[in-house]
Amino acid sequence: MLEPLRQGLPPLDPATVSNAASCALPARYEAVRDARRFTRCTLDQWDVGNRFDDVCLVVSELVTNALRHALPSDTPRSADQDPPVRLHLMRWTERVVCAVRDPSHDSPVAGDSDDFSAESGRGLFLVESFADGWGWHPLAGTLDGKVVWALFRLGSSV
């Protein structure tokens, strides 16, 4: 899952990976609030709360996009099914990555960022503005769908 994160970046030494956390998110919009809460707790535990505002905004946008665009609204979901969206947070010494997995194979498409009065369509523009890098890749093997990720560099004081 992390191979695309390495493209264009210095090599990641596995010994520098310090933490990872993940949570499943149900197919309802209240999950965005849950994702922000999970992100705050995780970043506080990792002592990188100074990046919370940027990471939380991006997590909110990625989870909202997954819920809005990757889940057909007419698909019935039973209570015993695994939640269709999953948030992953990963920390290295000098970076944090948030990744949102969803069941869709459709590539993320940025909306028209020129219409500043629009109520939606600027999510990926915000992701690009607040993250130090972002991308997506399809899942392989037994997992179905894609992962959309965003990278945040940590300051040397962290």
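Above this note sits the structure.
Now for a description of the structure that goes with this document. (Residues numbered from 1 in each chain as written. Predicted model: local features only at pLDDT ≥ 70, side-chain atom pairs only at ≥ 80, totals over all residues. Heavy atoms only, no water.)

**Focus on the packing of helix H1 (residues 30-45) against helix H2 (residues 52-69)**
Argument step 1. With their axes 9 Å apart at the nearest point, H1 and H2 run at an angle of 150° to one another. Considered as vectors, H1 and H2 are oriented roughly antiparallel to each other. H1 and H2 meet at a crossing whose hand is right-handed. On H2, the residues that touch Ala31, Val32, Ala35, Arg36, Thr39, Arg40 and Leu43 of H1 are Phe52, Val55, Cys56, Val59, Ser60, Val63, Thr64 and Leu67.
Argument step 2. Per-class residue counts for the contact of H1 with H2 are 10 nonpolar, 3 polar and 2 charged. (Axes fitted to C-alpha atoms, helices over the stretch in contact; angles between N-to-C directions. Helix = DSSP H or I, 4+ residues; strand = E, 2+ residues; numbered from the N terminus. Parallel < 35°, antiparallel > 145°, perpendicular 65-115°, else oblique. Left-handed = near helix turned anticlockwise from the far one by under 90°. Contact = heavy atoms within 4.5 Å. Nonpolar A, V, L, I, M, F, W, Y, C, P; charged D, E, K, R; others polar.)

**Looking at the nonpolar core**
Argument step 1. The biggest cluster of nonpolar side chains holds 31 residues, and the ones touching the most others in it are Leu62, Leu87 and Cys98.
Argument step 2. Within the residue set of this core, elements represented by two or more residues are strand E1 (17-25), H1, H2, strand E2 (85-92), strand E3 (95-102), helix H3 (123-130) and strand E5 (146-153).
Argument step 3. Apart from the residues within four sequence positions on either side, Cys98 is in contact with Val58, Val59, Leu62, Leu87, His88, Leu89, Val148, Trp149, Ala150 and Phe152.
Argument step 4. Within the second largest apolar cluster, 8 residues are counted, among which are Val97, Leu139, Val147 and Trp149. (Core = buried A, V, L, I, M, F, W, Y, C linked by side-chain atoms within 4.5 Å. Buried < 20%, exposed > 50% of the residue type's maximum accessible area, 1.4 Å probe, protein only.)

**Comments concerning the pairing of E2**
Two faces, one strand: in a regular strand the side chains alternate between the faces of the sheet.
Argument step 1. Buried residues dominate E2, accounting for 7 of its 8 residues.
Argument step 2. Two successive antiparallel strands, E2 and E3, enclose a turn made up of 2 residues. (Pairing = 2+ DSSP bridges.)

**Here's the deal with the pattern of salt bridges**
Argument step 1. The full count for this structure, using the stated rule, is 6 salt bridges.
Argument step 2. As a salt-bridge pair, Asp102 and Lys146 come within 3.0 Å of each other at their nearest N and O atoms. Pair noted here: Asp102 is in strand E3 and Lys146 is in strand E5, with a separation of 44 residues, a long-range link.
Argument step 3. Classification of Asp102 by relative accessible area gives buried; the value is 3%. (Salt bridge = Lys/Arg side-chain N within 4 Å of Asp/Glu carboxyl O.)

**A look at the environment of Val59**
Argument step 1. Position of Val59 relative to the elements: it lies in helix H2.
Argument step 2. By relative accessible area, which is 0% here, Val59 ends up buried.
Argument step 3. In the structure, Val59 is positioned 29 residues away from His88 in sequence and 9.8 Å away in space, judged by C-alpha atoms.
Argument step 4. Leave out the neighbours within four places in its chain, and Val59 touches Ala35, Thr39, Leu87, Leu89 and Cys98.

So far we have only geometry, and geometry alone does not tell us how the molecule works.
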